[in-house]
Amino acid sequence: MKLISCLLFLLFFASGCMTKSEYRSRAPNQAKDSILVKEIVFESEGVKLAGSIYAPKDAQAAVVLVHGSDPVPRMTKLAELLAKNGLLVLTYDKRGVGESGGVYVGPQVGTNNISVDNLTLLAKDASAAINVIHQHDKDLPIGLVGASQAGWIIPIAALKNPLVEFMVLFSSPTITTLEQLRFQFYTNNREDFWENHTDEDAREHTENDPDKYQFKATDPKVSLSALMVPGLWLFGEKDIQIPVKMCMEQLNVLKAQGKPFEYVLFPSLGHNTNKTEPLDIAIHWIKQKALSH
């Protein structure tokens, strides 16, 4: 199914037996501000993915960075920031992007990158990366960090891979893929949307608008309901890509069921929560989880 370029939003940023990861240095190690940077290649579902490990001295926890929907290479600036704050980081070029093999699926090439098959495949890639960083340091607690579309990918990967001990999700949906599209079509990327609409308006359209495209939806709450992995969501109240209040309510339901989930709302931010305050909160939260490891 070909989808128009506005279909799949997300600007930022396994099953059963995984293929064996190939882990080797592709270039001499490099030091950046006392952080050791090692280029790697590993395998997922028959495809070689290229990335980098950022290793600070005395790391307190390890994280794998998970992409959003765009054709994103490894996230070096974010990796450097996290490493400077005491986290071991693995970031890789998304499949079909940069030095990674495979085929990129997304609106830029007219394909549906929120199909069940593609989200599951990307979750397998994240799970393979988790296995790699675990081999690098088997004593550290490991988590997944991502934004936007990663909100559908990370719960799948966390459920499949028992090495995942925490999740951090920036501007990530808890609604289904089809519900997100209904909301996005309703906002039409209008920056003044929330000046002219209420949460009740958004909920009505998200729950009831007819779908412009027909495909099987992914509901992250299916995986989240089966997980007991601590999770932190960071939302911007002015987000016009996901209905934040609706996502928060869904997280409250999961929390009432005993799930170790938390969220923080930033009233002045929109979909891009890759900002200093949210990042500081996320880093502090990860370190607190590491202390209780």
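Described below are features of the structure shown in this document.

Each value, and the rule that gives it
Residues numbered from 1 in each chain as written. Predicted model: local features only at pLDDT ≥ 70, side-chain atom pairs only at ≥ 80, totals over all residues. Heavy atoms only, no water. Axes fitted to C-alpha atoms, helices over the stretch in contact; angles between N-to-C directions. Helix = DSSP H or I, 4+ residues; strand = E, 2+ residues; numbered from the N terminus. Parallel < 35°, antiparallel > 145°, perpendicular 65-115°, else oblique. Contact = heavy atoms within 4.5 Å. Nonpolar A, V, L, I, M, F, W, Y, C, P; charged D, E, K, R; others polar. Expected span 1.5 Å × (residues − 1). Buried < 20%, exposed > 50% of the residue type's maximum accessible area, 1.4 Å probe, protein only. Arc of directions from axis to C-beta. Polar contact = N/O pair within 3.5 Å; in protein donor to acceptor, adjacent residues only side chain to side chain. Core = buried A, V, L, I, M, F, W, Y, C linked by side-chain atoms within 4.5 Å.

**Details of the packing of helix α6 (residues 199–208) against helix α8 (residues 244–256)**
Consideration 1: It is the contact of α6 with α8, at a shortest axis distance of 9 Å, that shows an interaxial angle of 75°. With respect to α8, the axis of α6 lies roughly perpendicular. Taken together, the residues of α8 that come into contact with α6 (itself represented by D199, R203, T206 and E207) are K245, M246 and E249.
Consideration 2: Its residues assigned to classes, the contact of α6 with α8 comprises 1 nonpolar, 1 polar and 5 charged.

**Quick look at helix α9 (residues 276–291)**
Consideration 1: Its 16 residues place the ends of α9 23 Å apart at the C-alpha level, agreeing with the 22 Å of an ideal helix rising 1.5 Å per residue.
Consideration 2: For α9, the set of buried residues is P278, L279, A282, I283, W285, I286 and A290. Angularly, the buried residues of α9 cover 165° about the axis, an arc narrow enough to put them on a single face. For α9, the exposed residues set more than 90 degrees away from the buried face come down to T276, E277, H284 and L291.

**What about the side chain of N113?**
Consideration 1: With respect to the helices and strands, N113 occurs in the loop between β6 (87–92) and α2 (116–136).
Consideration 2: From its side chain, N113 meets the backbone oxygen of S69 in a polar contact 3.2 Å long.

**Some words on the nonpolar core**
Consideration 1: In this structure, F42, L90, L144 and M167 are the most contacted members of the largest nonpolar core, which totals 53 residues.
Consideration 2: Considering every element that reaches this core, the biggest residue donor is α2, with 9 residues.
Consideration 3: If we skip the residues at most four places from it in the chain, L90 touches I40, F42, S52, I53, V63, V64, L65, A129, V132 and I133.
Consideration 4: Judged by nonpolar contacts, the second largest core, of 29 residues, contains A61, V63, V72 and F266.

Shape is all these values report; function is a separate question.
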